[in-house]
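Residue-level structural notes
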Amino acid sequence: MTPRFKSLTWKQTNLVVFSALFFAIAIFLVEIALVVVTTKQQLASSQQELLDSVEQTTTNAVWALDDKLAQQTLAGIIKVDNVGSAILKLDDGTLFVSVENESQQYSDNFVLLSTHLFGELKEITRPLYRPFYFEGSQKQQLIGQLTIFYDTKKLTTHLFSQLQLSLIATLARALLLTLVLTVVFHRFLTQPIARISEAIDKIDPDSPNENLLPISKAHQDDELGLVTSKFNQILLQFSQTQNKLRKMATRDPLTGLPNRTLLLETLNVTIQRSRVHKRNFTLLFIDLDRFKNVNDSLGHALGDQFLARIARILERVVGDTGSVARLGGDEFVILADDIQSPDHAADFVDKLLMQLNAPLQLNEHTIHPAASIGISIYPEDGNCAEDLIRHADIAMYSAKAAGSNQWSFFKEQMTERAAIRLSTEASLHDALKNNEFVLYFQPKLDINTNTVIGCEALIRWQKDGRLISPMSFIPVAEETGIIIPIGRWVIEQSCKVLRDWRKKYNYAIPIAVNVASQQFADASLVPDIKQFALRYQISPELLEIEITETSLMNDIEQAIMTLEQLKSAGFGIAVDDFGTGYSSLSYLRHLPITTMKIDRAFVNDLPEDSAIASTILMLGKQLGLSIVAEGIENEEQLDWLRENHCPIGQGFFYSKPLTLEEFEQRFIANQTAKIEHI
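Residues numbered from 1 in each chain as written. Predicted model: local features only at pLDDT ≥ 70, side-chain atom pairs only at ≥ 80, totals over all residues. Heavy atoms only, no water.

**Focus: the overall build of the protein chain**
When you go through the protein chain residue by residue, the secondary structure sums to 22 helices and 21 strands. With 678 residues in all, the protein chain has 43% of them scored as buried. (Helix = DSSP H or I, 4+ residues; strand = E, 2+ residues; numbered from the N terminus. Buried < 20%, exposed > 50% of the residue type's maximum accessible area, 1.4 Å probe, protein only.)

What follows is the structure in structure tokens.
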């Protein structure tokens, strides 16, 4: 429950009023005491004066027993203020004359109060003596007694009337003082505080330094001015701190570019402005290709320098056409609010990639940057900031799937593919936990003798009672990095199979396993392979590692080091898909490989187009490599390969990939198995 607001002026007025009344009543009580004392003193004095003034007359009246004179004298006495009655008695105590005024009726409490105040002065008595002395004696002769009675109730009433006027005057002075003090305090204290309170209400939390508190001239050198000055200092310091925190919260510390928070703010403003003016704008999502290789090979320090240099390049290219932000890692976003059409966006991206692909020199290293770019356009591809970023991200993945240095516009179908990809990614994690992967094996045969001399292990995903093709999940596994634990599982299972063949049949043939680019770049690859071979007690020459030409070219120096470690340990090394990439042949002679495979794309062209296949065969022979032709599907291709002295063949013409049980039954259990005809 919110407490009710109470004004400081009202509180202050109440305090002054009660304080003034308290002191007024206290002063009034003191005044009452003083008045009572003074009244008593005056009454006692007046009583003596009255007795002195009538003593001679009453003496003569008593001595002469003149009752008329006595009556007149007493009648004069009772006319004196507050006298109630008077009596004359003779010396023997008998009443001579008495006179009294009419008395009013009072309450018992009032009577008690008057008695308490003036009880000791209620009556006075004066003895009366004969006017001359006895002969021969100096002693006076008592002849009577005068007694005067005072009406103390009347005296009390008179006193209260006098005090009532005094009380009214005291209260009037107290109220006047209260009013004056309230006005003074309000003018010099509560009103400045109220102005400060109003100024505090106007403070903008986002810009506190723009609404500093006013300092009254009357309070520049007092406590209120000091408090106001200190508060203004706090506002200025808070504003500076807030600016620093906002910069930290909205800026990427490495590149100085806006981060996701500031990008979303800018994007929302741009959307509102574009909606009002009915204009389009473009959003580019940029992901650097092979940045992980830069980090892993050169270290994070140079990787950070690389990102900072890329940020400057992007800022230079964008210029005044938009703004650049970094979302994290190697992901950047360009908000190009001046680019409104797809054609303009395509021209801009081509120019951007041209600038981005220029070689960068970092210390003694030369790096060739590349990027994949996704494009979304407002409002066709989204009406809110999150949708535009998400759709540009999806388009970027589509561009990355097409190869390095590609760009792609967002299309609605990509959302469905992205959802499938996300679902596949989650399912792949579960597949590893639930042992849903299985290995199939495709034999490699001596083309001249049709003897099985090896096989290739091919992964399959057995989910819900059906087999899922590697083409459906391997690209997703590579993009998400799950390919590394999957590849490790394939190597371990292959080692287990080799161990089982040796135990069960006392016979084994080499198994080739495919290693993806990310797995090949992983630092744990070589230790894992050695550990599995040692754990399952297999000869290294029975395990052949197949890598793609692209994996080698990502970082040729690191690739050579990795391959040399594997070869020195005795493992076979094959280059798969040779001829489909863009590697220089000069690197080939430096690679410590044992086998080179002719890609199925070139085998498929045989015998009509045989130039590339012939070149590979000749190159392999000169380098002393074993050559394997994969994808053999018909007799004509096999005849050409046999005539051109290709030693090893693999393909559906011989056998499709088989389950472990089928492969063992056909090619391992019978060590002399040969393929005469398919």
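Additional details are given in the paragraphs that follow.
**Remarks on the UniProt feature "transmembrane region" (unreviewed entry) in the protein chain**
UniProt's entry tags residues 15-37 and 163-185 with the feature "transmembrane region" (unreviewed entry), counted in the numbering of this structure. With 100% helix and 0% strand, the stretch residues 15-37 has end C-alpha atoms that lie 33 Å from each other. Within the segment residues 163-185, helix and strand shares are 100% and 0% respectively, and the terminal C-alpha atoms sit 32 Å apart. (UniProt positions renumbered as here; feature names shortened; annotations may be inferred.)

**Some points on the pairing of strand 2 (residues 95-100)**
In this structure, strand 1 (residues 83-90) lies alongside strand 2, joined through five bridges in antiparallel fashion. The residue bridging Leu-88 from the neighbouring strand is Val-97, located in strand 2. Where strand 1 folds back on strand 2, the antiparallel hairpin that results is connected by four residues, among which Gly-93 adopts a positive phi of roughly 95 degrees. (Pairing = 2+ DSSP bridges.)

**Description of the packing of helix 13 (residues 483-505) against helix 15 (residues 525-535)**
Packing of helix 13 against helix 15 brings their axes to within 9 Å, and their N-to-C directions diverge by 25 degrees. As far as their axial angle goes, helix 15 and helix 13 are roughly parallel. Our pair here, helix 13 against helix 15, has a crossing hand that is right-handed. Together, Arg-488, Ile-491, Glu-492 and Cys-495 of helix 13 and Leu-525, Asp-528, Ile-529, Phe-532, Ala-533 and Arg-535 of helix 15 make up the contact between the two elements. When grouped by side-chain class, the residues that make up the contact of helix 13 with helix 15 number six nonpolar, no polar and four charged. (Axes fitted to C-alpha atoms, helices over the stretch in contact; angles between N-to-C directions. Parallel < 35°, antiparallel > 145°, perpendicular 65-115°, else oblique. Left-handed = near helix turned anticlockwise from the far one by under 90°. Contact = heavy atoms within 4.5 Å. Nonpolar A, V, L, I, M, F, W, Y, C, P; charged D, E, K, R; others polar.)

**A word on the packing of aromatic side chains**
A complete count under the given rule lists twelve aromatic pairs for this structure. Aromatic pair Phe-441 and Phe-663: ring centres 5.9 Å apart, planes at 40 degrees, arrangement tilted. Here Phe-441 is found in strand 12 (residues 437-446), whereas its partner Phe-663 is found in helix 22 (residues 660-668), with 222 residues between them in sequence. Comparing Phe-441 with Phe-663 shows no difference in burial state: the two are buried. Here the aromatic rings of Phe-663 and Phe-667 are separated by 5.0 Å at their centres, their planes lie at 50 degrees, and the arrangement is tilted. Within this pair, Phe-663 and its partner Phe-667 are both found in helix 22, separated by four residues, close to a single helical turn. (Phe/Tyr/Trp six-rings, centres within 6.5 Å; stacked < 30°, edge-to-face > 60°.)

**Observations regarding unusual backbone geometry**
Note: most peptide bonds trans; most residues except glycine with negative phi. Cis geometry marks the peptide bond from Tyr-378 to Pro-379, where omega comes out at 0 degrees. By the secondary structure assignment, Pro-379 is in the loop between strand 10 (371-378) and helix 10 (385-401). Residue Pro-607 follows Leu-606 across a cis peptide bond; omega there is -5 degrees. For Pro-607, the location among the structural elements is in the loop between helix 19 (600-604) and helix 20 (611-623). Located in the positive-phi region is Leu-65, a residue other than glycine, with phi close to 50 degrees. You can call Leu-65 exposed: its relative accessible area is 53%. One non-glycine residue with positive phi stands out, namely Asn-506, at about 55 degrees. By secondary structure assignment, the location of Asn-506 is in the loop between helix 13 and strand 15 (511-515).

**Regarding the sheet that holds strand 10**
Read from one edge to the other, the open sheet built from five strands follows the order 6-7-5-10-11, with strand pairing classed as mixed. Only two strands of the sheet have a single partner each, and these edge strands are strand 6 (323-328) and strand 11 (407-409). Adjacent strand axes in the sheet meet at a mean angle of 20 degrees, parallel and antiparallel pairs treated alike. Sheet analysis places strand 5 (residues 281-288) next to strand 10, joined by eight bridges and oriented antiparallel. Bridge pairing links Ile-286 to Ile-373 in strand 10. Its contacts with the sheet place helix 10 against strand 5, strand 6, strand 10 and strand 11, and it is angled at close to 145 degrees to strand 10.

**Section: helix 6 (residues 260-277)**
Taking 1.5 Å of rise per residue, the 18 residues of helix 6 would be expected to cover 26 Å, and the 25 Å separating its terminal C-alpha atoms lies within 8% of that figure. Along helix 6, the residues classified as buried are Leu-262, Leu-263, Leu-264, Leu-267, Thr-270, Ile-271 and Ser-274. N-capping of helix 6 is provided by Asn-259, with a side-chain oxygen placed 3.2 Å from the backbone N of Thr-261. (Expected span 1.5 Å × (residues − 1). Polar contact = N/O pair within 3.5 Å; in protein donor to acceptor, adjacent residues only side chain to side chain.)

**Structural notes on the sheet that holds strand 4 (residues 142-150)**
Pairing within the open sheet is antiparallel, and its four strands lie in the order 2-1-4-3. If you trace the sheet from one side to the other, it starts and ends with strand 2 and strand 3 (123-129), each paired once. Sheet twist, expressed as the mean angle between neighbouring strand axes with direction ignored, is 10 degrees. Where helix 2 (residues 67-77) meets the sheet, it contacts strand 1, strand 2 and strand 4, and its direction lies at approximately 30 degrees from that of strand 2.

**A word on the pairing of strand 7 (residues 331-336)**
Within strand 7, five of the six residues are buried, which leaves it mostly tucked inside the rest of the structure. Of the strand pairs in this sheet, strand 5 and strand 7 are connected by six bridges, and their pairing is antiparallel. Paired with Asp-287 across the bridge in strand 7 is Glu-331. Connecting strand 6 to the antiparallel partner strand 7 that follows it, the hairpin turn spans two residues, and Gly-329 within it adopts a positive phi of roughly 60 degrees.

**Focus on helix 8 (residues 300-318)**
Taking 1.5 Å of rise per residue, the 19 residues of helix 8 would be expected to cover 27 Å, and the 27 Å separating its terminal C-alpha atoms lies within 8% of that figure. If you check which residues of helix 8 are buried, you get Leu-302, Gly-303, Phe-306, Leu-307, Ala-308, Ile-310, Ala-311, Ile-313, Leu-314, Val-317 and Val-318. Positive phi shows up at Gly-319, right after helix 8, with a value of about 55 degrees.

**Focus on the pattern of salt bridges**
This structure, assessed with the given rule, holds 18 salt bridges. In this structure, Glu-546 and Lys-597 form a salt bridge, with 3.0 Å as the shortest nitrogen-oxygen distance. Here the residue Glu-546 occupies a position in strand 16 (residues 543-548), and Lys-597 occupies one in strand 18 (residues 595-598), the gap between them amounting to 51 residues. The pair Glu-546 / Lys-597 is uniform in exposure class, with both members buried. The network of salt bridges with shared partners includes Lys-444, Glu-456, Glu-544, Glu-546, Lys-597 and Glu-630. (Salt bridge = Lys/Arg side-chain N within 4 Å of Asp/Glu carboxyl O.)

**Looking at the environment of Met-354**
Relative to the helices and strands, Met-354 is located in helix 9 (residues 342-356). For the pair Met-354 and Ala-370, spaced 16 residues apart in sequence, the C-alpha separation works out to 9.6 Å.

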